[in-house]
Amino acid sequence: MAYRNGKVTRLKFAVIIPHYNDMTRLRRCLGALMLDATSGVDVVVVDNGTPEPLDNIKADFPFVRFVTEDTKGAASARNRGVRETDAEAFAFLDADCIPAPGWLAAAESAADKSDIVGGGIDVFDETPPPRTGAQAFETVFAFNYRYYAEKKGFSVTANLVTSRRVFEAVGPFIDGVSEDEEWCWRARRKGFQLALDEDMRVSHPTRSDWAALERKWRRLTREMFELHLTRNGLGARFIWGLRALAMPASALAHLPRLVFSSKLASPGERLRGAMTLIRLRMKRAVWMLRQAFGGTI
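First, a word on scope: everything that follows refers to the structure included in this document. Keep in mind it's a predicted model, so treat the numbers as computed, not measured.

1. Observations regarding the overall build of the protein chain
So, step 1. Helix and strand content of the protein chain: 11 helices and 10 strands.
So, step 2. For a compact globule of 297 residues, the expected C-alpha radius of gyration is about 19 Å, and the protein chain comes in at 20 Å, within 12% of that figure.
So, step 3. Taking the principal axes of the C-alpha coordinates as reference, the protein chain spans close to 65 × 50 × 40 Å.
So, step 4. Here the protein chain holds 297 residues, and 51% of them are scored as buried.
So, step 5. When contacts within the protein chain are restricted to residue pairs at least 6 apart in sequence, those whose partners lie at least 24 apart make up 77%.
So, step 6. The centroid of the 43 positive side-chain charges in the protein chain is displaced by 6 Å from the centroid of its 36 negative side-chain charges.

2. Some thoughts on empty space enclosed by the protein
So, step 1. Scanning all chains against the criterion turns up one cavity of 30 Å³ or more.
So, step 2. Reported here for the largest cavity is a volume of approximately 30 Å³.
So, step 3. Taken together, Gly118, Gly119, Tyr145, Tyr148, Ala149, Phe154, Ser155, Val156 and Leu196 form the lining of the largest cavity.
So, step 4. Those elements giving two or more residues to the lining of the largest cavity turn out to be β8 (116–124) and α6 (145–152).
So, step 5. Its residues placed into classes, the lining of the largest cavity shows six nonpolar, three polar and no charged.

3. Structural notes on the environment of Thr139
So, step 1. With respect to the helices and strands, Thr139 occurs in helix α5 (residues 133–141).
So, step 2. Using a relative accessible area of 8% as the deciding quantity, one classes Thr139 as buried.
So, step 3. Put simply, Thr139 and Asp122 are 17 residues apart on the chain and 8.7 Å apart in space, counted from C-alpha to C-alpha.
So, step 4. Setting aside residues up to four positions removed in sequence, Thr139 forms contacts with Val123, Asp125, Arg131, Thr206, Lys263 and Leu264.

4. Focus on helix α11 (residues 267–292)
So, step 1. Compared with the 38 Å implied by 1.5 Å per residue over 26 residues, the 37 Å span of α11 between its first and last C-alpha is a close match.
So, step 2. Gly294, located one to two residues past α11, shows a positive phi value of around 95 degrees.

5. Here we look at the pattern of salt bridges
Pairing of side chains with opposite charge becomes possible as their charged atoms draw close.
So, step 1. The tally for this structure, following the rule as stated, stands at 26 salt bridges.
So, step 2. Of the charged contacts in the structure, one is a salt bridge between Glu179 and Arg78, with a shortest N-O distance of 2.9 Å. Note that Glu179 is positioned in helix α8 (residues 179–189) and Arg78 in helix α3 (residues 74–84), a separation of 101 residues in sequence. For the residue pair Glu179 and Arg78, the accessibility class agrees, reading buried in each case.
So, step 3. Residues Arg165 and Asp115 are paired through a salt bridge, measuring 3.2 Å at the closest nitrogen-oxygen approach. Taken together, the positions of Arg165 in helix α7 (residues 164–170) and Asp115 in the loop between α4 (103–110) and β8 put the pair 50 residues apart, joining distant regions of the chain.
So, step 4. Under the relative-accessibility criterion, Arg165 is labelled exposed at 54%.
So, step 5. Each of Asp42, Arg65, Glu69, Arg80, Arg83 and Glu84 takes part in salt bridges that share partners, so that together they form one network.

6. Some words on unusual backbone geometry
So, step 1. The omega torsion across Pro129 and Pro130 is 5 degrees, close enough to zero to call that bond cis.
So, step 2. Structurally, Pro130 is set in the loop between β8 and α5.
So, step 3. Even without being glycine, Phe143 reaches a positive phi, approximately 55 degrees.

7. Description of the packing of aromatic side chains
So, step 1. This structure, assessed with the given rule, holds 10 aromatic pairs.
So, step 2. Ring centres of Phe90 and Phe167 lie 5.9 Å apart, and the angle between their planes is 80 degrees; on these two criteria the pair is classed as edge-to-face. In this pair, Phe90 sits in strand β6 (residues 89–93) while Phe167 sits in helix α7, placing the two residues 77 residues apart along the sequence.
So, step 3. For Phe167, a relative accessible area of 7% corresponds to the buried category.
So, step 4. The interplanar angle of 80 degrees and the centroid separation of 5.2 Å between the aromatic rings of Phe92 and Phe173 together place this pair among those described as edge-to-face. Taken as a pair, Phe92 in strand β6 and Phe173 in the loop between α7 and α8 lie far apart in primary sequence, 81 residues in all. Each member of the pair Phe92 and Phe173 is classed as buried.

What counts and what doesn't
- Residues numbered from 1 in each chain as written.
- Predicted model: local features only at pLDDT ≥ 70, side-chain atom pairs only at ≥ 80, totals over all residues.
- Heavy atoms only, no water.
- Helix = DSSP H or I, 4+ residues; strand = E, 2+ residues; numbered from the N terminus.
- Rg over C-alpha atoms; globule rule 2.2 N^0.38 Å.
- Buried < 20%, exposed > 50% of the residue type's maximum accessible area, 1.4 Å probe, protein only.
- Contact = heavy atoms within 4.5 Å.
- Lys, Arg positive; Asp, Glu negative; His and termini not counted.
- Charge placed at Lys NZ, Arg CZ, Asp CG, Glu CD.
- 1 Å grid on protein atoms, 1.4 Å probe; cavity = no way out; pocket = protein on both sides within 12 Å on 5 of 7 lines; lining within 4 Å.
- Points joined across faces, edges and corners; volume = space filled by probe spheres on them.
- Nonpolar A, V, L, I, M, F, W, Y, C, P; charged D, E, K, R; others polar.
- Expected span 1.5 Å × (residues − 1).
- Salt bridge = Lys/Arg side-chain N within 4 Å of Asp/Glu carboxyl O.
- Phe/Tyr/Trp six-rings, centres within 6.5 Å; stacked < 30°, edge-to-face > 60°.

The following block contains the structure:
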């Protein structure tokens, strides 16, 4: 809510940004966002208990509201953000994303186009060239948002718009699963429609090295497995095991896409990216087999 001429006014649109201990990227995100922000938008950063004080960034962005959510996880932070604002519609934006010029206007406009609207996601490197294997891999494969929206029926919460009416009907995000895919799946089951708006664009940094990429995919594999269990009943572990066995073959199937990608600048980047692709798919095969037999990763 906002105060105008001494009266409380309900805001139409909000931007909800979960954050944990990534001050440099959050500052970059807010700096880009506030170039387009107006007094009619409620910008809410939900911090998940960052250990260092937020005083400096709060002072630099006085029109941003900062709240703390003690329950860990981006899903809980997003749910808290929804509770904190009474805006009629809202966008979810990740703290490590950079909204493009005009993103906010596009997001506000998108709220009237469909029940749920996903936007475009580009990737960029935070370090100078040449790319590492992890950066080359992510340049080609990260955030295939068109495929997600058109084939799998979901949009990632790094760049998603919906309304309070839809959110309250679908329910909150759930921690521990692929929350964006699971939430959109519940929304579709209730008859809500998903659209893609290419004008609503953000940029996300690539993972800079193998350790960061491995952490990402270990988390995603855990979340995807939990979502898989909820959907597939008694045969879920057997199906998961079969998918694990297919992982090495999938590396070979996707290798041409990487090797011939126009996004990569040199043979060295292609070679490093190819080695990372194969290494990651082999790792995922091991993780998934472990999960299929009741283990943890």
